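Understanding the architecture of this molecule
Residue strings, one per chain:
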Amino acid sequence: MTDIVTDHSHHHIKDESFDALMKPVYKGKGLTDEINTAEDKWNLLPAFLKVKGLVKQHLDSFNYFVDVDLKKIINANKVILSDVDPEFYLKYVDIRIGHRSNSSSQDKIVPPHQCRLRDMTYSAPIYVDVEYTRGRKIIMHKDVEIGKMPIMLRSNKCILNGQNETDMARLNECPLDPGGYFIVNGTEKVILVQEQLSKNRIIVEADDKKHIVQASVTSSTHERKSKTYVVTKHDKIYLKHNSISEEVPIVIVLKACGIISDLEIVQLVCGNDSTYQELFAVNFEEAAKYRIYTQRQALEFIGSKVKTIRRQKLTVLQEGIEAIATTVIAHLTAENLDFREKALYVALMTRRVVMAMNDPKMVDDRDYVGNKRLELAGQLMSLLFEDLFKKFNSDFKASIDKVLKKPNRATEYDALLSINIHSNNITSGLNRAISTGNWSLKRFKMERAGVTHVLSRLSYISALGMMTRISSQFEKSRKVSGPRALQPSQFGMLCTSDTPEGEACGLVKNLALMTHITSDDEEEPIKRLCYLLGIEDLSLIDSSSLHLHYGVYLNGTFIGITRFPIKFVSQFRKLRRSGKISEFISIYTNQHQNAVHIATDGGRICRPLIIVTNGESKVKAEHLLQLKNGQLQFDDFLKLGLVEYLDVNEENDSFIALYEKDISNEITHLEIEPFTVLGAVAGLIPYPHHNQSPRNTYQCAMGKQAIGAIAYNQFKRIDTLLYLMIYPQQPMVKTKTIELIDYDKLPAGQNATVAVMSYSGYDIEDALVINKSSIDRGFGRCETRRKTTCVLKRYPNHTQDIIGGMRVDENGKPIWQHAPLGPDGLGEVGMKVESGQVYINKSVPSNASDSVLSQQSSQYRETPVVYRAPEASHIDQVMMSVSDNDQALIKVLLRQNRRPELGDKFSSRHGQKGVCGIIVQQEDFPFNDQGVCPDIIMNPHGFPSRMTVGKMIELVSGKAGTLNGTLEYGTCFGGSKLEDMSKILVDHGYNYSGKDMLYSGVTGECLQAYIFFGPIYYQKLKHMVLDKMHARARGPRAVLTRQPTEGRSRDGGLRLGEMERDCVIAYGASQLLLERLMISSDAFQVDVCNACGLMGYGGWCTTCKSSENVIKMTIPYAAKLLFQELLSMNIAPRLKLDDVFSK
Amino acid sequence: MSSDNNNNNNIVNIEYNRVTNVTSTDFPGFSANSYDQSWDLQKFRDSLKVDISKLDEREANFDLIHIDTSIANAFRRIMISEVPCVAAEAVYFYNNTSVLQDEVLAHRIGLVPLKIDPDELQWCDDSLPENERYNDKNTIVLTLDVQCTRNPNAPKDCTDPNILYNNSNVYAKDLKFQPEGDQEEVFKNRPIVPCDPDILLCKLRPGQEISLRVHCILGIGSDHAKFSPVSTSSYRLMPHITILQPIKGESAKRFQKCFPSGVIGIDNKGCAFVQDSRKDTVSREVLRHQEFQDHVKLGRVRDHFIFNVESTGAMTPEEIFFKSVRILKNKADYLKNCPIAQ
């Protein structure tokens, strides 16, 4: 064992934070204590997270991109040749991010926090080594910079990689920040994980209404993406492809692939099964109808249907060959025009269709998680980079050609001189894509918007939740329930609770706690391994025996057959468990298809499980002991073959026990810890297994809005808007997940003593009654920090924006508007800024557009930044810096301290939100024997319909914890037992149920009911009255319609809408309606000519040239506008005026 | 066990899932039953009983017996919210480079209880502008000037910030009294200090500095909790346990376990008896047990208040209680003389 436990230097990430969990004495359990495998196997979870971390999927994917994928990309686009000079070539030899060839250490790059503050991009240079010709000489040049690559924080190219807590503090970074995002132009951007159907796999679907069965495969290669279908039409089977104009009978396709004999076709598609043969037979007639019997005829037939446009015309035969070789099932390459592999593939697709025609149950499930692949930041970056690199190369080539074309050059041309011209394209292309989220790839004609999102820093949990989020490619507007439903195969892979409500419900998912997303692995060695393990190569298989045995598929491609599938699979697994091949390669048997599938591709979700053999868990007490002692790491468990990763497909081929007591002889695996079915966000809920499930989902949405501590560097950050809680507390009732994700170090809420009773009537509809003294003492206090950015621009005529000083009155004191300013014209730190006061006294030159020659630069126009808000703020920070483009950048951070007020929103951790309905004096609050008053009174009507029993248990556990001096656990499927908690209550002289006898604070008498009374963790949510309150009597109006503006931000009016209007009409209050809709809105005096019915002005009708019949009247300005607009399009609306009450 | 009907009426019944007979009727002019229950000053004077069981600098525990709930509750309410006390009201910052924001630090200083006799100060007039409001008659000025520096004598491998730096923790005791006018004379014998010197206000690191002045004024708890002279003052009703049928043997031991220790005694015959019902916390545990059903009756004496007054330290608890009595008396006088009352 010693040789395994030698070097763990690669496990350094986040070491400190897990130390407490890995300590020999933890949770009252010492080294000498007996190890109970059933209870203590959960320690594998912190060990897993220590190695993997919560955002490991993003980091792994980015690391794979910069270390492996980049090299593949330059290899695929290696050489640049000139059309002009055949002698010329330029070859890329190597590519590196962030460090030069001669130094092993990374270049010094601007640290991430500085990038945030200075609105810069956190990136590192991309260096390439090139070999090229200059005249006759071949020159090697190293370390040519071709652009800058945005760096994912905490990836192996990031300067934070492997830093300890002290180093992180020095860099102004929070050690608990998970990383996995980019900083582009100062904003933190996350590339969300994208969910899609797996590529290069056959999916069989059936449409019962249209009687269609189709097998489709999306082929994806570096060059192109295309989709091939094998589809039924009137029970006949055809091949369909986008670049073939019509459906081709399947027999013709097979013939074109070189399977000329009808017998062989039947053997390949149907095998010996007579039902299949009967179903398929009709297709031969279809081919015979076209009189196609030879391969040449078939190829020509297909060639004639191809609709690609080429520069030089090919013959029909060549088109046919081209189509079969490259367009149909493009991910298979046909070497030397050997179509045998393709023929088998098409035949197998056809077979799947025939099977589904025979038995409708043989279709695949699109929503099955095993048929999904997750696309991560690295893959998306790689697609983008390859596109930009190709563009870069073609631009580079064009400029080389341009120079080489010139005859009689004086000096020999050095191609390297023009390489830097285009380097900005890569940099800005990457930056633009990440900052806008628009991924547009010319190669695939892909245009995807909304790939990136701004990292939500509302709370630590919201940031964390964003890193584990998975967005689906599925359209949100479609009302199909299938993709939104909870799939049984999500178990343990995707969180069962964490999904938004509303339109994205079920489409946006979150990773569960213990998942890993694979990255691509080499196929070739696995293929060779399969042959070594006795797989019969497909080129050697007799067509007649193809379906007699199990087929072996590698990443969906048929590679051979095996006569002993069970033996093969177990040997393969043995190799994986012994670490001979990557632990992420999955193998499983599909009994229905008689197939063994091996997957090495990236994007599969998998999770670790304990291996069980012969009815015994492989993880024994001694292993767990060594884990606790730090002698073993999680990776050692993998290497020792005690634990292995299973993806969804292989999981389906296993028999997994949830608890150790369930293990029997058939069991193959054991769950590490059941609460890992939940993700990081749902893991905050105490006793979630006692709640009604939608309540847990609501809490997942609300936990992200809770105000709390955000990061250790929260006071150093200058964000657009930040909410912080002044006195956050860790919850009395924790969960193991809370400890694992460090929520106890950056909490978002407070333990409030809650009395569940009705009080005052201001608590209906979930409103809360809050104790004023609790608020006085700091309950629910929070702070908002708002940023204002100001750039001092430079103009072409050498003028620039300036910051003016302050203006003073006759006494030499600054005028009121300038009171917060210092002598430099910027607000001074600590000053109070009230509405109407200036905190950046900026001036812009009034002649910025003038030419350079007119030297009147002293003219300035004041454009101060004025504070406008109902409540005053304080200036927290003023930052002056220089941004990327050399312009002075000023950021001012305004801070506001808020105590809870009427209407502020609070929520417990059980999806029970409520607003503060009334704030009551402490002496009016009920109190118990000990004199304890609640902080919050909650109405008991919140319980019956919501069925949040977890909240009640949280209260009892919390109360027991406070009396006992312990933090209790409410971990899902576990946690402190209610009986134990009740026991503690009784031992401390309280009632077992958590209900106390209270005295009314108002009358002093005992309350007639016992009150459920104890601590519950409450979160303050970001929705506060101060940000929403709005009223208007008079105010601004829109220019065009002269109606009041809309919205709080524009001091807008409150709209009396159509439905309200209907009410007023129904009531018959016409004068009220007139007042609301016209007089108080956009009343306008017009002069209407009663003769022509058109509008004039000044008592004069311009149409009739008279003032005789002009009448003054009031109409809405919008109506007047309508009439004039109609006039402008040659419609003359004429007003006919008459008395309503004729005499 | 008591057959006296009148006595039973004075017990609040603690049942398994509810409390009954909670209302108190002992107030002037009330006479519900045939026999005389009406309130009589002489009777009240004779029956009122005050037992003090604990009295020290910070805490008082006393029984108020034979008094109506409304009066007892009035004392409790007044002590919490209407007995005047001195606390920091305005904080003027000269410099604050600590991690705590000005508002937060000011809030923390505001909550520090101060040992100032409220009788020595006059009330502040809120209607005056801020620069005229405070004078030496109504305001106590405290200063806080702390700078954190490195400790040159700290051992090299030390990581404890308390040793590495000077003034790394700012405590309430760092608030220093700055006498204005004749305050030095007035407060000569009673130095003005925070009641608890070791309340942590803020933590500092080298280079950080706090310099501020605090104006402390008189206020009442209903305005802000910082002006409340008590941490809390509350009462509980005297527990009352009645054993209806004798409980013997093993059953008695189990019965004893349902109560905190000392409540139930077992005599030499093995029979359970009520030893000291005052020690009971009324957890109602006994009511859960089927075997004790109809054996025991729980209750609380309605006019026996066990008061508990926890002072913050500015005044002694008895002073606070007496002040509450005086305030209640003043209120009654006010009502008596109120024009509406006549």
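Where an unreviewed UniProt entry is consulted, chain B appears under the name DNA-directed RNA polymerases I and III subunit RPAC1, with the organism given as Hanseniaspora osmophila. Under the heading Sequence similarities (unreviewed entry), UniProt records this for chain B: "Belongs to the archaeal Rpo3/eukaryotic RPB3 RNA polymerase subunit family."

The name recorded for chain A in an unreviewed UniProt entry is DNA-directed RNA polymerase subunit beta, from Hanseniaspora osmophila. Quoted verbatim from the Catalytic activity (unreviewed entry) field of the UniProt record, the comment on chain A reads "RNA(n) + a ribonucleoside 5'-triphosphate = RNA(n+1) + diphosphate".

1. Some points on the overall build of chain B
Assigned secondary structure in chain B consists of nine helices and 18 strands. Taken over the C-alpha trace, chain B has a radius of gyration of 27 Å; the compact-globule value for 342 residues is 20 Å, which it surpasses by more than 25%. Along the three orthogonal principal directions, the C-alpha set of chain B runs to about 75 × 70 × 35 Å. For chain B, with 342 residues in total, the buried portion stands at 46%. Within chain B, contacts between residues separated by at least 24 positions form 75% of all contacts whose residues are at least 6 apart in sequence. Accessible surface for chain B amounts to roughly 17,800 Å². Of this, 50% is attributable to carbon and sulfur atoms.

2. Let's talk about the overall build of chain A
Counting its regular elements, chain A contains 29 helices and 52 strands. Referenced to the eigenvectors of the C-alpha coordinate spread, the extents of chain A come out at roughly 100 × 95 × 80 Å. Counting over 1143 residues, chain A shows a buried share of 55%. A sequence separation of at least 24 residues applies to 68% of the contacts in chain A between residues at least 6 apart. Measuring between centres, the 140 positive side-chain charges of chain A sit 5 Å from its 134 negative side-chain charges.

3. Quick word on a negative patch on the surface
All names here are of chain A. There is a patch of like negative charges on the surface, built from D520, D521, E522, E523 and E524. Relative to the helices and strands, D520 is located in the loop between β19 (516-517) and α16 (524-532). Overall, the relative accessible area of 38% leaves D520 in the partly exposed class.

4. Here we look at the sheet that holds strand β37 (residues 832-833) of chain A
Residues and elements named next belong to chain A. If you trace the five strands from one edge of the open sheet to the other, you get β31-β35-β43-β42-β37, paired in antiparallel fashion. The sheet is open, and its two borders are formed by β31 (721-725) and β37, each paired with just one other strand. Here strand β35 (residues 782-792) runs beside strand β43 (residues 888-898); their pairing, made up of eleven bridges, is antiparallel. Across the sheet, T784 pairs through a bridge with Q896, a residue of β43.

5. Some thoughts on the pattern of salt bridges
Overall, the coordinates contain 85 salt bridges over all chains when judged by the stated rule. A salt bridge links D94(A) to R96(A); the nearest nitrogen and oxygen atoms lie 3.5 Å apart. Exposure remark for D94(A): the relative accessible area of 23% places this residue in the partly exposed category. Put simply, D924(A) and R77(B) hold a salt bridge, and the shortest N to O gap is 2.6 Å. One end of the pair, D924(A), is in the loop between β45 (913-920) and β46 (936-938); the other, R77(B), is in helix α3 (residues 69-81), on a second chain. Each of R116(A), E173(A), D177(A), E188(A), R457(A), R717(A) and D719(A) takes part in salt bridges that share partners, so that together they form one network.

6. Some thoughts on the pairing of strand β33 (residues 750-756) of chain A
All names here are of chain A. Counting buried positions over the seven residues of β33 gives seven, a clear majority of the element. As defined by bridge partners, β33 adjoins strand β49 (residues 1011-1021) across seven bridges and the pair is classed as antiparallel. Paired with V754 across the two strands is G1014, which belongs to β49. By the bridge criterion, three bridges tie β33 to β46 in an arrangement that is parallel. Each bridged residue has a counterpart across the sheet, and for V756 the counterpart in β46 is M938.

7. Details of the interface of chain A and chain B
Contact residues are listed per partner, giving 46 residues for chain A and 41 residues for chain B. Between chain A and chain B, a total of about 3,600 Å² is buried, with carbon and sulfur atoms accounting for 47% of that surface. Our count for the chain A to chain B interface comes out at three salt bridges. R300(B) is the salt-bridge partner of D929(A), the closest N and O atoms lying 2.6 Å from each other. At the boundary of chain A and chain B, one finds 29 residue pairs in polar contact (both at pLDDT 80 or more).

8. Here we look at the nonpolar core
Residue and element names in this part refer to chain A. Among the nonpolar cores identified, the biggest contains 69 residues, and Y92 and F385 are the most heavily contacted of them. The element that contributes the greatest number of residues to this core is helix α13 (residues 377-405), accounting for twelve residues. In contact with F385, not counting residues within four places along its chain, are F65, L70, I73, I95, I126, M149 and I426. Among the nonpolar cores identified, the runner-up in size contains 60 residues, and I202, V253, V266 and F301 belong to it.

9. With respect to the sheet that holds strand β16 (residues 452-454) of chain A
Whether parallel or antiparallel, the strands of a sheet pair through hydrogen bonds between backbone atoms. Residues and elements named next belong to chain A. Taken together, three strands build an open sheet; the order of strands is β5-β6-β16 and the sheet is antiparallel. Looking at which strands have only one partner, the edges of the open sheet turn out to be β5 (182-184) and β16. With direction set aside, neighbouring strand axes in the sheet form an average angle of 40°. Pairing of strand β6 (residues 187-191) with β16 involves three bridges; the strand directions are antiparallel. Paired with V190 across the bridge in β16 is H453. Along the sheet, helix α14 (residues 423-436) contacts β5, β6 and β16; its crossing angle with β5, the most-contacted strand, is approximately 105°.

10. A closer look at a nonpolar patch on the surface
On the surface, L48(B), V50(B), I52(B) and L55(B) cluster together to form a nonpolar patch covering roughly 340 Å² of accessible area. Looking at the element boundaries, L48(B) is found in the loop between α2 (41-47) and β3 (49-55).

11. As for unusual backbone geometry
A positive phi is found at K1105(A), a non-glycine position, where the angle reads about 50°. On the secondary structure map, K1105(A) appears in the loop between β51 (1095-1096) and β52 (1110-1116).

About the cut-offs
- Residues numbered from 1 in each chain as written.
- Chains lettered and ligands numbered in written order.
- Predicted model: local features only at pLDDT ≥ 70, side-chain atom pairs only at ≥ 80, totals over all residues.
- Heavy atoms only, no water.
- UniProt positions renumbered as here; feature names shortened; annotations may be inferred.
- Helix = DSSP H or I, 4+ residues; strand = E, 2+ residues; numbered from the N terminus.
- Rg over C-alpha atoms; globule rule 2.2 N^0.38 Å.
- Buried < 20%, exposed > 50% of the residue type's maximum accessible area, 1.4 Å probe, protein only.
- Contact = heavy atoms within 4.5 Å.
- Areas by Shrake-Rupley, 256 points an atom, 1.4 Å probe, with all protein chains shown as cover.
- Lys, Arg positive; Asp, Glu negative; His and termini not counted.
- Charge placed at Lys NZ, Arg CZ, Asp CG, Glu CD.
- Patch = residues over 30% accessible without salt bridge, like charges linked within 9 Å, V, L, I, M, F, W, Y side chains within 5 Å.
- Salt bridge = Lys/Arg side-chain N within 4 Å of Asp/Glu carboxyl O.
- Pairing = 2+ DSSP bridges.
- Buried area = accessible area lost by both parts, 1.4 Å probe.
- Polar contact = N/O pair within 3.5 Å; in protein donor to acceptor, adjacent residues only side chain to side chain.
- Core = buried A, V, L, I, M, F, W, Y, C linked by side-chain atoms within 4.5 Å.
- Axes fitted to C-alpha atoms, helices over the stretch in contact; angles between N-to-C directions.

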